[in-house]
Amino acid sequence: MATAIYLEHYLDSIENLPCELQRNFTLMRDLDNRTEEKKGEINKLAEEYIATVKNLASAQRVEHLQKIQNAYSKCKEFSDDKVQLAMQTYEMVDKHIRRLDADLARFENELKEKLELSGHESSEGRGVKKAESRGLREKRSSRGRAKKGSDEDSPRKKKKINSPDLSDALLPMQPSDVLDMPVDPNEPTYCLCHQVSYGEMIGCDNPDCPIEWFHFACVDLATKPKGKWFCPRCTQDRKKK
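Residues numbered from 1 in each chain as written. Predicted model: local features only at pLDDT ≥ 70, side-chain atom pairs only at ≥ 80, totals over all residues. Heavy atoms only, no water.

Let us now look at the overall build of the protein. Along the backbone of the protein there are seven helices and two strands. Listing each helix as α and each strand as β along the protein from the N terminus yields α-α-α-α-α-α-β-β-α. Of the contacts formed within the protein by residues at least 6 apart in sequence, a portion of 56% connects residues at least 24 apart. For the protein, the computed accessible surface area is about 18,900 Å², with 53% contributed by carbon and sulfur atoms. (Helix = DSSP H or I, 4+ residues; strand = E, 2+ residues; numbered from the N terminus. Contact = heavy atoms within 4.5 Å. Areas by Shrake-Rupley, 256 points an atom, 1.4 Å probe, with all protein chains shown as cover.)

If you want it as structure tokens, here you go:
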């Protein structure tokens, strides 16, 4: 039941994801086309300038070069927009991946708690059964002490009394066996632990931080701190300065 709830909520959260991705990819393709057109315009302006530079006055040269500079600036603007779209698209997908990791972690903890609870109940049941069987053996032995070679001494009875319970024969199931999924080797790693992104994470406010993102648990955080936050390595570097 819990699995169905987690799955239903997650599917609801990614319902609009394909449309959003398609929109971003369409915008990126449009920016690529506009950049290529602007590059062709730059090449044309450069050829015209080289061919006529000897016959142009100083003001005309400046004006022609300004046109080339404006075209280059427009290309850079298109490229920056494309980078921002790419980062937005990555964060969009990564957000859903982090939520899935968090849901899997919660589901694994719930499954572990249920297994521990069921194991505790089964161990109590086994204790009651052993106490009852011990009492029966004592009663039988007290009634048949005077008899030699009683039924209890027969191999058949010994085998029946000493046979293990069915619950003892079952191997314990671990949550990690159920949720042991392979990790994508191409997925980027973060934090001091060099693991993939999962759960709550925080970014270092040092723009030159080589790691950038950290798991809350790895940096001893329970909630997001107010103001700027620097990772342990960057904090040590700042103290040295």
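Caution applies to low-pLDDT regions: their predicted coordinates should not be interpreted in detail. In this model, the protein carries an average pLDDT of 76, and 70% of its residues clear a pLDDT of 70 or more. Under a pLDDT of 50 for its full length, residues 143–181 has, in the predicted model, 26 contacts with residues more than four places off or in other chains. (pLDDT = per-residue confidence, 0-100.)

With that out of the way, let us pick up the environment of Cys-218. Mapped onto the elements, Cys-218 comes out in the loop between strand S2 (213–215) and helix H7 (232–240). Judged by its relative accessible area of 32%, Cys-218 is partly exposed. Placed 25 residues apart in sequence, Cys-218 and Cys-193 show a C-alpha to C-alpha distance of 7.3 Å. If sequence neighbours within four positions are ignored, Cys-218 has contacts with Cys-191, Leu-192 and Cys-193. (Buried < 20%, exposed > 50% of the residue type's maximum accessible area, 1.4 Å probe, protein only.)

Here we take up unusual backbone geometry. For residues besides glycine, phi is generally negative; the peptide bonds are generally trans as well. In the Ramachandran plot, Cys-191 falls in the positive-phi region, its phi being about 70 degrees despite a non-glycine side chain. Mapped onto the elements of the fold, Cys-191 is located in the loop between helix H6 (175–178) and strand S1 (201–203). Here Cys-191 falls in the buried class, since its relative accessible area comes to 1%. Here His-194, not a glycine, exhibits a phi torsion of approximately 55 degrees, which is positive. Topologically, His-194 is positioned in the loop between H6 and S1. Under the relative-accessibility criterion, His-194 is labelled exposed at 52%.

Further remarks concern the packing of aromatic side chains. Using the criterion set out here, one finds one aromatic pair in the structure. Here Phe-214 and Trp-229 contribute two aromatic rings whose centre-to-centre distance is 5.7 Å and whose plane-to-plane angle is 70 degrees, an arrangement assigned as edge-to-face. Here Phe-214 is found in strand S2, whereas its partner Trp-229 is found in the loop between S2 and H7, with 15 residues between them in sequence. For the residue pair Phe-214 and Trp-229, the accessibility class agrees, reading buried in each case. When the ring centre of Phe-230 is taken as reference, the NZ or CZ atom of Arg-238 above it lies at 4.0 Å. (Phe/Tyr/Trp six-rings, centres within 6.5 Å; stacked < 30°, edge-to-face > 60°. Lys NZ or Arg CZ within 6 Å of the ring centre and 35° of its normal.)

Formed by 13 residues in total, the largest nonpolar core has its most connected members in Ile-202, Cys-204, Cys-209, Phe-214, Trp-229 and Cys-231. Grouped together as the second largest cluster of nonpolar side chains are seven residues, Ile-42, Leu-45, Leu-56 and Ala-71 included. (Core = buried A, V, L, I, M, F, W, Y, C linked by side-chain atoms within 4.5 Å.)

Moving on: the side chain of His-96. Of note, His-96 is situated in helix H3 (residues 58–143). Setting aside chain neighbours within four positions, we find His-96 in contact with Tyr-10, Ser-13, Ile-14 and Leu-17.

With respect to the element layout, His-215 can be found in strand S2. His-215 sits in the buried class, given a relative accessible area of 2%. A polar contact is formed between the side chain of His-215 and the backbone oxygen of Val-196, at a distance of 3.0 Å. Beyond its immediate sequence surroundings of up to four residues, His-215 is in contact with Cys-191, Cys-193, Gln-195, Val-196, Ser-197, Tyr-198, Glu-200 and Met-201. (Polar contact = N/O pair within 3.5 Å; in protein donor to acceptor, adjacent residues only side chain to side chain.)

Right, let's get into the pattern of salt bridges. For the structure shown, the criterion picks out seven salt bridges. Between Glu-36 and Lys-39 there is a salt bridge, and its shortest N-O distance comes to 3.6 Å. Here Lys-39 and Glu-36 lie together in helix H2 (residues 17–52), a separation of three residues that amounts to about one turn. For Lys-39, a relative accessible area of 41% corresponds to the partly exposed category. In this structure, Lys-76 engages Asp-80 in a salt bridge whose closest nitrogen and oxygen atoms are separated by 3.1 Å. With a gap of four residues between them, Lys-76 and Asp-80 both fall in helix H3, about one helical turn apart. (Salt bridge = Lys/Arg side-chain N within 4 Å of Asp/Glu carboxyl O.)

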